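# Tertiary structure, described
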Amino acid sequence: MKEKIVYTNEVGATIDRLVEESGAKSVFTIVDVNTAAFCLPLLRETSKAVAASTVLTVKAGDAEKSLEAAAALWKSLSNGGATRSSMIVNVGGGVVTDLGGFVAATFKRGVPYINVPTTLLGAVDAATGGKTGINFNGLKNEVGAFALPAATVVSTVFFKTLPKHEMLSGYAEMLKHALLSGNEALARALSHDAADTDGLLALLRENIKVKTEIVASDPKEAGPRKALNLGHTAGHAFEALAMERRQPIPHGYAVAWGLIVELVLSHLALGYPTTHLYPVVQFVKAHYGSHPIVCDDYPRLLALMAHDKKNASPEEINFTLLHAPGEAEVNRTATAKDIETALDIYRDLTA
Ligand SMILES: NC(=O)c1ccc[n+]([C@@H]2O[C@H](COP(=O)([O-])OP(=O)(O)OC[C@H]3O[C@@H](n4cnc5c(N)ncnc54)[C@H](O)[C@@H]3O)[C@@H](O)[C@H]2O)c1
Ligand SMILES: [Zn+2]
């Protein structure tokens, strides 16, 4: 099924049109404390539906993707008389769209919802694709549901108040999509100033399409959707190791560095051309700096990669690798030795 995404900076009017078209009888807007302060005022001014809606506010941060927060929202919806003829409008980053989407997917077996991503990561990744969920039992996204939003409204109007590291974090996912798309998209992504929001809406339109086309071909991640894991096997290991050392790094930064490791692996295993490797390395170094690792980190990094749920056996770690920009191969296994070599080269390239 083709996902509905509207690209516009006329967010309020667009929400009103979508709500009207849906025939929804009542509207519930979910925000976190930051989007309540930074994004809701504009929507209240420009959208009749939001102004008239019941606003439900959650805390900010990933810890809020919890059963307790979901239960509190279910309770508010129940007490507020929400029905399957209501519309839920999620206004926020990935936390609000994951949590609000999950609550919408489960309340009364499914209430339609609109996502209004307010972070770049939300726009480019979390708000589309229909993966909703909460963290549970100490595990990320352990409980959830596939449930596509009725629509997603992508705009750049909310990014002005977003800290620079949040913009860069989202941009790494854009770089990933560009690598999955091809040479031209990659060149455009590399020549766009990552911190510049002007012109970003047009870039988002072509970039998000890369994800939604892959998702449409494989909504429940049986195979091709795994291409979207590019950069994430190494990236998650960097992220988890940094977390263990109590020096957390933003997800997108970990992905940016992970992309370098996996492009090096792609070069070694599939002949990914160095002409498309070095510009990515330059871009990542210029915008994200480098993430220093030492040989002593390798065993833990490898163990973290092996623990990744995508792997059948710890001896063979699964990656999505590229033959070239736009030519992904999922389920490529690499041995510990291959990965150590790639980490050595990553260190040389980013030194
Ligand atoms: N469902 C998916 O397919 C998918 C994909 C990628 C990530 N995710 C999930 O997304 C979450 C991360 O998303 P995120 O990076 O957007 O985090 P987030 O929602 O926590 O937002 C980051 C911070 O920015 C604040 N914020 C949001 N919009 C703002 C604005 N316009 N101005 C100022 N501050 C603003 C938030 O309150 C928060 O403090 C994770 O939980 C991750 O698991 C889901
Ligand atoms: Zn990611």
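Overview of the structure. (Residues numbered from 1 in each chain as written. Chains lettered and ligands numbered in written order. Predicted model: local features only at pLDDT ≥ 70, side-chain atom pairs only at ≥ 80, totals over all residues.)

### Brief notes about helix α10 (residues 200–217)
Along its 18 residues, α10 runs 26 Å from first to last C-alpha, staying within 8% of the 26 Å computed at 1.5 Å per residue. Of the residues making up α10, those classed as buried are L200, L204, N207, I208, V210, K211, I214 and V215. Its buried side turned inward, α10 meets β1 (5–7), α7 (120–126), β8 (151–154) and α8 (164–181). (Helix = DSSP H or I, 4+ residues; strand = E, 2+ residues; numbered from the N terminus. Expected span 1.5 Å × (residues − 1). Buried ≥ 20, exposed ≤ 12 C-beta atoms within 10 Å, placed from the backbone. Contact = placed C-beta atoms within 7 Å.)

### Describing the packing of helix α12 (residues 251–270) against helix α15 (residues 336–350)
The interhelical angle for the contact between α12 and α15, taken along N-to-C directions, is 120 degrees, at an axis separation of 9 Å. Taken together, the axis directions place α12 and α15 in an arrangement best described as oblique. In the crossing of α12 with α15, the sense of the turn from one axis to the other is right-handed. Residues I260, V261, V264, L265, L268 and A269 of α12 pack against D338, I339, T341, A342, L343, I345, Y346, L349 and T350 of α15. Grouping the amino acids of the contact of α12 with α15 by side-chain chemistry returns twelve nonpolar, two polar and one charged. (Axes fitted to C-alpha atoms, helices over the stretch in contact; angles between N-to-C directions. Parallel < 35°, antiparallel > 145°, perpendicular 65-115°, else oblique. Left-handed = near helix turned anticlockwise from the far one by under 90°. Nonpolar A, V, L, I, M, F, W, Y, C, P; charged D, E, K, R; others polar.)

### Side note on helix α11 (residues 232–244)
Under the 1.5 Å per step criterion, the end-to-end length of α11 is 17 Å for 13 residues, consistent within 8% with the ideal 18 Å. Looking at the packing, one finds that the buried side of α11 touches α12, α14 (298–307) and β9 (317–324). Just past α11, the residue R246 takes up positive phi, approximately 55 degrees.

### Focus on the nonpolar core
One finds I15 and I114 to be the most contacted residues of the largest nonpolar core, which totals 100 residues. At eleven residues, α12 tops the list of elements feeding residues into this core. (Core = buried A, V, L, I, M, F, W, Y, C linked by C-beta atoms within 7 Å.)

### Notes on the pairing of strand β7 (residues 139–146)
One ladder, built from five bridges, connects strand β6 (residues 131–136) with β7; its direction is antiparallel. If you follow I134 over to β7, its bridge partner there is V143. The hairpin turn running from β6 into β7, its antiparallel successor, is two residues long, and N137 in that turn takes a positive phi close to 60 degrees. (Pairing = 2+ DSSP bridges.)

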